[in-house]
Amino acid sequence: MELLGVDHEVVEASGAEALAEPFDLGIIDVAGLEQFWREVRLRKIREQPDFLPFLLLTAREEHEPPEEQMRYVIDDLIFTPIEPRELRFRLHNLLSARQHALVLERDIRARAQGLSESERRYREFMESLPVAAYAVDAFGRLSLYNEAAVKLWGRQPGPNDRWCGAHKLFTPEGWYLPHNDCPAAVAFRENRPIHGVEAIIERPDGTRVNVLVNINPIRDAAGQRVGVTNVILDITERKRAEEAMRDSETKFSVLFDQAPFAAALFRLPEGAIVEANEAFTEVFGYSREEVLGRTTTELGFEPDPKTRVRMIAEFRNYGFSRAREVTLRAKSGEPRNILVNLDRIEFGGRVYVLGTCQDITARKRAETERDRLFNLSLDMLCIAGMDGFFKQLNPAWGRTLGWSDAELHSRPWLEFVHPDDREETVRALGQLIDGQAVHAFENRYRRSDGSYRWVSWNAFPLPDERLIFAVARDITAGKFAAAALRESEVRFSTLFEKAPYPAALVRLPEYVFVEINQAFEETYGFTKAEILGKGTLEMGMITGEARERLIREADVNLTLRDHEVSVRTKSGERRTILLNSDLVEIGGVRYSLSTSLDITARKRGMAVRERLTQIIEAATDFIGIADRQGRIHYINRAGRRLLGIGLDEDVTCLNLKEFHPPELFGELGEQRTQQIAREGFWEGETVFLTRDGRELLLWQVILAHPAANGEEPVYSTISRVLPSGMPARTG
């Protein structure tokens, strides 16, 4: 101590209290270090950013203190004995470092005072940033940070924090990262920017945040490093999303490949297949290599155009299309019934369509056969509940009883049973509830018109499901066959004889008349005595060629509808008729029941109308028809050329107001309308506007045609261009 006291003020002290006093260099022995190293460390921390050196003075024979005490407390080590010159030199170096630190701190503070305004603006800028940002000085101290950084770190940084305000740091792989080795410290030491490096911040509460750091060195005017800035992006959600996407893609890949249904992935917008699973190749018969890179159009199994348009429209509107049933062609050419679902998915920033297909070909065939049997059955098939209501009915119910499905389902089926048959029907229901089948049970069911039909039942119960399967047959005809036949013959005879149009009954296959009505005799001039037992060819009514054509048509379709035939009457006059015939069976013999409508006058009228139309179309005058609102119904060729209307253009979409000056629809137009209403016509000069802007002066005659059969009245016009007004003026 005497040697040290020559050049310096030396104070000897013992105990932790001495560490609170001011001094520039602390000298401590091994025993004191072991006892007070924590207090020494706290004193050094409090002095920061100024450097306060501590020297360990020890003999070589003494044991060395632990590494942790040496690393955090001791700045130099002297073994005794030591030469005075060396001792003074070592003390001088430590004290010089202390003085340099104090001077540097004062200089930094002075500069900070001068830069306070710039710092204020910089702080405001950093606070305005939507992301975490901070700056450190040359000693690694946090000189500036924004509120977003505090929120990201989950803590307020302390004075002892260096290089980063985070509680703890980890590498992206999860390894602990000391603050002195964090990206900000590395960027400062290596004097280089570090961008886009990932790290993990752990907050005091244990939560972790994935971040992306972007660090740039700060240099003074001389180009010397004075710190670094760090802008931190919270990428936790992005990382979670990426992880979720990876998990999703993995799950999708497994599900896609192992799915029991056919699936394919289509790339938009071209629609090429980029992936197909094994089930897809099995359904359509293509190998995976054959379908990849090709569209469904190229493969030749597109659905019908209407279904395809509906699927595309639904997909564009909603991003998906559900349960569209389509028929696609496999590689072998076999049609396959497919239930298609489309979904929009996104991978790697690209949009795809996931198409999943369920092959329902076998099911459709089975359903078709079942539905054909169910729907086409002449018997009434049903599923009924033991609660007294119908559950499912085939179309024969509606055909037989006249009720709609909704009406039959809305009421207990017992309400349709004849009141006299209900007691017996309830007993049969009790038998079914007990699990016993019912065979050949008969009762009467009410039709929608109030009449009743006799029905014979075979019913089978499913007690566990509380259901009854039943087949019912309408036996009304069998019960009343004879009476119904006689009544039918009377009705037929009356209707046949009194019909206002010619009717004839022709026996097949001879095609000879066995009955004609009075209208037939009056129209064609033949009496029953003259024609019965003979055919149309024998009577000279039609030619052999026409007869063979009618026979061929009837053999194919069993009926004839509105066949136009030329027939010769007894007087030799040719008449045009519309012939209708139906195949009927009476007493086991097949007949053709024919009716005819004389359209001779109508044909002549149509011929006259066609000639008139040809004349009107060939006329050089403007001829047209319109209604009271000016809507155009017809314009002839000359009128179209005059106004500039295309010959193929639909004039019914046009209005007269487009081709007349506005003043014609004012007072002048009202006077003209009144005259037409009073006298039925109007005649005078008028002006037409053409589509190319010309005004034409015409002499016009307008005729009114009164409404008939509730139709709207129309007006016809004939107009001729006046030579003096051709054109009147242009505009």
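Quick caveat, the model's predicted, so the values are computed rather than measured. (Residues numbered from 1 in each chain as written. Predicted model: local features only at pLDDT ≥ 70, side-chain atom pairs only at ≥ 80, totals over all residues. Heavy atoms only, no water.)

Let's talk about the overall build of the chain
Check the secondary structure of the chain and you find 24 helices and 30 strands. Counting only residues that meet the buried cut, the chain has 38% of its 731 residues in that class. Expressed as a percentage of contacts within the chain between residues at least 6 apart in sequence, the contacts between residues at least 24 apart total 40%. Accessible area for the chain stands at about 43500 Å²; split by element, carbon and sulfur atoms hold 53% of it. (Helix = DSSP H or I, 4+ residues; strand = E, 2+ residues; numbered from the N terminus. Buried < 20%, exposed > 50% of the residue type's maximum accessible area, 1.4 Å probe, protein only. Contact = heavy atoms within 4.5 Å. Areas by Shrake-Rupley, 256 points an atom, 1.4 Å probe, with all protein chains shown as cover.)

Quick look at the sheet that holds strand 7 (residues 194-202)
Read across the sheet, six strands follow the order 5-4-9-8-7-6 without closing on themselves; strand pairing throughout is antiparallel. Taken across any chain shown, the strands that pair with only one partner, and hence form the sheet edges, are strand 5 (142-145) and strand 6 (168-170). Mean inter-strand twist for the sheet, computed between neighbouring axes without regard to direction, equals 35°. In this structure, strand 6 lies alongside strand 7, joined through three bridges in antiparallel fashion. When the bridges of strand 7 are listed, Leu 169 appears paired with Ile 201. In the packing of helix 7 (residues 183-190) onto the sheet, contacts are made with strand 4 (132-137), strand 7, strand 8 (208-219) and strand 9 (225-234), and the angle to strand 9 comes to roughly 145°. (Pairing = 2+ DSSP bridges. Axes fitted to C-alpha atoms, helices over the stretch in contact; angles between N-to-C directions.)

A look at the packing of aromatic side chains
The geometry of two aromatic rings is summed up by the distance between their centres and the angle between their planes. The tally for this structure, following the rule as stated, stands at 15 aromatic pairs. Measuring from centroid to centroid gives 6.0 Å for Tyr 145 and Trp 153, while their planes differ by 65°, and the two rings are edge-to-face. Each residue in the set Phe 390, Trp 397, Tyr 445 and Trp 457 is aromatic and connected to the rest through ring pairs, giving one cluster. Cation over ring: Arg 225 sits above Phe 188, and NZ or CZ is 5.0 Å from the ring centre. Residue placement shows Arg 411 over the ring face of Trp 403; its charged tip is 5.1 Å from the ring centre. (Phe/Tyr/Trp six-rings, centres within 6.5 Å; stacked < 30°, edge-to-face > 60°. Lys NZ or Arg CZ within 6 Å of the ring centre and 35° of its normal.)

Considerations on the environment of His 100
If you trace the backbone, His 100 turns up in helix 4 (residues 84-114). Between the alpha carbons of His 100 and Asp 50 there is a distance of 9.0 Å; along the sequence they are 50 residues apart.

Describing a nonpolar patch on the surface
Where nonpolar side chains cluster on the molecular surface, the patch consists of Phe 460, Leu 462 and Phe 469 and spans about 250 Å² of accessible area. Within the fold, Leu 462 resides in strand 18 (residues 452-462). On the basis of relative accessibility, which here comes to 32%, the residue Leu 462 falls in the partly exposed class. (Patch = residues over 30% accessible without salt bridge, like charges linked within 9 Å, V, L, I, M, F, W, Y side chains within 5 Å. Salt bridge = Lys/Arg side-chain N within 4 Å of Asp/Glu carboxyl O.)

Here's the deal with the pairing of strand 11 (residues 272-276)
Two strands pair when backbone bridges link them, and strand 10 (residues 262-267) and strand 11 are joined in this way by four bridges, in the antiparallel orientation. Looking at strand 11, one finds that Phe 266 is bridged to Ile 273. Hairpin connection from strand 10 to strand 11: four residues lie between these consecutive antiparallel strands, with Gly 271 at a positive phi of about 80°.

Topic: the sheet that holds strand 21 (residues 512-516)
Within a beta sheet, neighbouring strands are joined by backbone hydrogen bonds and run either parallel or antiparallel to one another. Here we have five strands laid out as an open sheet, ordered 21-20-24-23-22, and antiparallel in their pairing. Every other strand in the sheet has two partners, leaving strand 21 and strand 22 (559-568) as the edge strands with one partner each. Direction aside, the axes of adjacent strands within the sheet are offset by 35° on average. With 10 bridges joining them, strand 23 (residues 574-586) and strand 24 (residues 589-598) adopt antiparallel strand pairing. For Asp 582, the partnering residue across the bridge sits in strand 24 and is Leu 593. Strands in contact with helix 22 (residues 600-618) are strand 22, strand 23 and strand 24; relative to strand 23, the strand with the most contacts, it is inclined by about 135°.

Digging into the confidence of the model for the chain
Overall, the prediction assigns the chain a mean pLDDT of 83, with 90% of residues at 70 or greater. For the chain, the element scoring lowest by mean pLDDT is strand 30 (residues 729-730), at 39; strand 6 scores highest, at 94. Here residues 725-731 scores under 50 on pLDDT; set against residues more than four positions off or in separate chains, the count is 12 contacts. (pLDDT = per-residue confidence, 0-100.)

Quick notes on helix 7
By the criterion of burial, helix 7 is predominantly enclosed, with six of the eight residues buried. Of the positions making up helix 7, those classed as buried are Pro 183, Ala 184, Ala 185, Val 186, Ala 187 and Phe 188. At the C-terminal side of helix 7, Asn 191 shows a positive phi close to 55°.

As for helix 12 (residues 305-318)
Note that an α-helix has 3.6 residues per turn; residues three or four places apart therefore point the same way. Across its 14 residues, helix 12 extends 20 Å between first and last C-alpha, which sits within 8% of the 20 Å expected from 1.5 Å per residue. Among all positions in helix 12, only Thr 307, Met 311, Glu 314 and Phe 315 are buried. All buried residues of helix 12 lie within an arc of 100° about the axis, which places them on one face of the element. Exposed side of helix 12, more than 90 degrees from the buried face: Pro 305, Lys 306, Val 309, Arg 316 and Asn 317 are the residues found there. The inward-facing, buried residues of helix 12 contact strand 12 (320-329), strand 13 (335-347) and strand 14 (350-359). Looking one or two places after helix 12, you find Gly 319, whose phi comes out positive at around 80°. (Expected span 1.5 Å × (residues − 1). Arc of directions from axis to C-beta.)

Remarks on the pattern of salt bridges
Here the structure, examined in full by the defined rule, presents 38 salt bridges. Residues Glu 515 and Lys 528 are paired through a salt bridge, measuring 3.1 Å at the closest nitrogen-oxygen approach. Of this pair, Glu 515 sits in strand 21 while Lys 528 sits in helix 20 (residues 528-531); the two residues are 13 residues apart in sequence, bridging distant segments of the chain. What makes Glu 515 partly exposed here is its relative accessible area of 26%. On the basis of relative accessibility, which here comes to 28%, the residue Lys 528 falls in the partly exposed class.

Structural notes on the state of the cysteines
Applying the stated criterion across every chain, the model contains zero disulfides. Take Cys 182: it sits in no disulfide, and the sulfur closest to it among the cysteines is that of Cys 164, at 5.7 Å. (Disulfide = S-S within 2.5 Å.)

Some remarks on the environment of His 660
For His 660, the position within the fold is in the loop between helix 23 (637-643) and helix 24 (667-679). Classification of His 660 by relative accessible area gives buried; the value is 7%. Remark: the alpha-carbon pair of His 660 and Glu 695, spanning 35 residues in sequence, is separated by 8.6 Å.

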